[in-house]
Amino acid sequence: MGPAQRKVYVVGVGMTKFLKPRDAVDYPDMAKEAGQKALADAQIPYSLVEQACVGYVYGDSTCGQRAIYHSLGLTGIPIMNVNNNCSTGSTALFMARQLVQGGLADCVLALGFEKMERGSLKSMVRTQLEHFAKIAWKNHKHSTNNPFSQFQEEYSLDQVKNSRKVFNYLTVLQCCPTSDGAAAAILVSEDFVKKHGLQHQAVEIVAQEMVTDTSSTFNEESCIKAVSLAQCAELCWQLRGQAGKRQVPGAQLALQHNIGLGGAVVVTLYKMGFPDATASSSRIQLNPTSAEDGFKAQYVFKEIEKKLEEV
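As the structure is a computational prediction, the values presented were derived from the model and not from experiment.

What counts as what
Residues numbered from 1 in each chain as written. Predicted model: local features only at pLDDT ≥ 70, side-chain atom pairs only at ≥ 80, totals over all residues. Heavy atoms only, no water. Phe/Tyr/Trp six-rings, centres within 6.5 Å; stacked < 30°, edge-to-face > 60°. Helix = DSSP H or I, 4+ residues; strand = E, 2+ residues; numbered from the N terminus. Expected span 1.5 Å × (residues − 1). Buried < 20%, exposed > 50% of the residue type's maximum accessible area, 1.4 Å probe, protein only. pLDDT = per-residue confidence, 0-100. Contact = heavy atoms within 4.5 Å. Pairing = 2+ DSSP bridges. Axes fitted to C-alpha atoms, helices over the stretch in contact; angles between N-to-C directions.

J.: Describe the packing of aromatic side chains, listing the residues and the values that go with them.
T.: Counted according to the given criterion, the structure contains four aromatic pairs. Their ring planes at 25° and their centres at 5.1 Å tell us that Tyr-9 and Phe-274 sit as a pair that is stacked. Members of the aromatic cluster, joined through ring pairs, are Tyr-27, Tyr-56 and Phe-113.

Written as structure tokens, this is what we have:
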């Protein structure tokens with residue numbers, strides 16, 4: 001048997017607001033904001049970071065170096081650049097976790113950013129019209145409580161379906177906007193958590209898996225085979241009880257699912273690493289913001305909770 005794998009914790013997260021693509025702000029400035037927020041949240045200096053995994057899709061090679069040199073400093077640490085389409089940020093997180101879990105580092109920065117061109121992307125996948133409309137309606141509803149989201153206006157399902165047509169059956173309110181933004185997370189070992197007294201905010205990555213395509217993805221000619229950012233920060237805030245109007249009362253488990261066509265998918269499960277150390281006064285308990293009949297995610301989490309109890 002190989003050496004035991006170490007537990008990995010997220011102790012600091014930071015995020016910029018996501019905005020329409022703009023020329024005035026370059027990606028190193030967005031990376032600086034996200035990275036400095038994550039370090040401040042973790043209450044540690046950048047000098048303690050031993051390695052960095054940086055994800056982006058539309059940048060030049062070694063954008064990670066430019067972003068970190070500008071935003072955090074030049075300390076000579078290894079910086080790995082990651083590109084995996086829409087799962088790029090989660091892939092950087094996956095790499096960072098492996099470094100800590102395998103004992104190669106005690107403190108790793110996972111950083112993701114994107115600076116895009118204005119206008120629409122060129123590809124899409126066909127499915128049922130009602131599904132497209134409901135996805136957009138749900139996303140716009142959630143965005144009203146998120147100060148980091150690009151759009152924060154709520155629309156009815158009819159408004160989504162009847163808004164201006166962009167392409168074929170796709171309306172403008174069903175289309176994802178291009179966005180500029182950045183997010184960062186600090187991943188550390190259990191020894192690091194205890195040495196720096198971060199038990200009260202340490203979120204454990206309970207499980208994480210990443211897979212890429214098999215031959216059936218292409219051989220079966222099925223769209224469902226081809227289709228399975230900032231997410232880590234949001235889920236950590238939820239588990240800590242710091243999500244404001246978006247807070248799910250008594251959140252104990254958080255599930256992250258991120259896919260990049262071409263392709264890769266990363267699924268990550270989180271929980272508070274030291275629940276006894278979490279000060280009850282710091283956890284916010286609010287009513288659910290989206291307890292609509294159409295949202296069925298709570299059933300998924302109940303099944304996950306059952307499986308964890310069986311282990």
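Let's pick the thread back up.
J.: Now, about helix H3 (residues 88-101): what can you tell me, with residues and values included?
T.: Compared with an ideal rise of 1.5 Å per residue, which puts 14 residues at 20 Å, H3 spans 20 Å between its outermost C-alpha atoms and is within 8% of the ideal. Counting buried positions over the 14 residues of H3 gives 11, a clear majority of the element. Turning to H3, its buried residues are Thr-88, Ser-90, Thr-91, Ala-92, Leu-93, Phe-94, Ala-96, Arg-97, Leu-99, Val-100 and Gln-101. With its phi angle positive at about 80°, Gly-103 sits one or two positions after the end of H3.

J.: For the confidence of the model for the protein chain, give the residues involved together with the corresponding values.
T.: Summing up the model confidence of the protein chain, the mean pLDDT is 83 and the portion of residues at 70 or higher is 84%. Mean pLDDT values over the elements of the protein chain span from 59, in helix H8 (residues 223-226), up to 97, in helix H6 (residues 190-195). Predicted confidence for residues 280-293 stays below pLDDT 50, and this span has 29 contacts to residues more than four positions away or in other chains.

J.: Before we move on, can you summarise the sheet that holds strand S4 (residues 107-114) with the specific residues and values?
T.: Two strands in a sheet stick together by hydrogen bonds in their backbones, pointing the same way (parallel) or opposite ways (antiparallel). With mixed pairing, the eight strands of this open sheet are ordered in space as S3-S2-S4-S7-S1-S8-S10-S9. Strand pairing shows two members of the sheet lacking a second neighbour, strand S3 (79-82) and strand S9 (254-260), which therefore form its edges. Averaged over all pairs of adjacent strands, the angle between their axes in this sheet comes to 25°, without regard to strand direction. Pairing analysis gives seven bridges linking strand S1 (residues 8-15) to strand S7 (residues 181-189), with the strands arranged antiparallel. Across the sheet, the residue bridging to Gly-14 is Ala-184, located in S7. Against the sheet, H3 engages S1, strand S2 (51-55), S3, S4, S7, strand S8 (203-212), S9 and strand S10 (264-272), with an angle of about 120° to S8.

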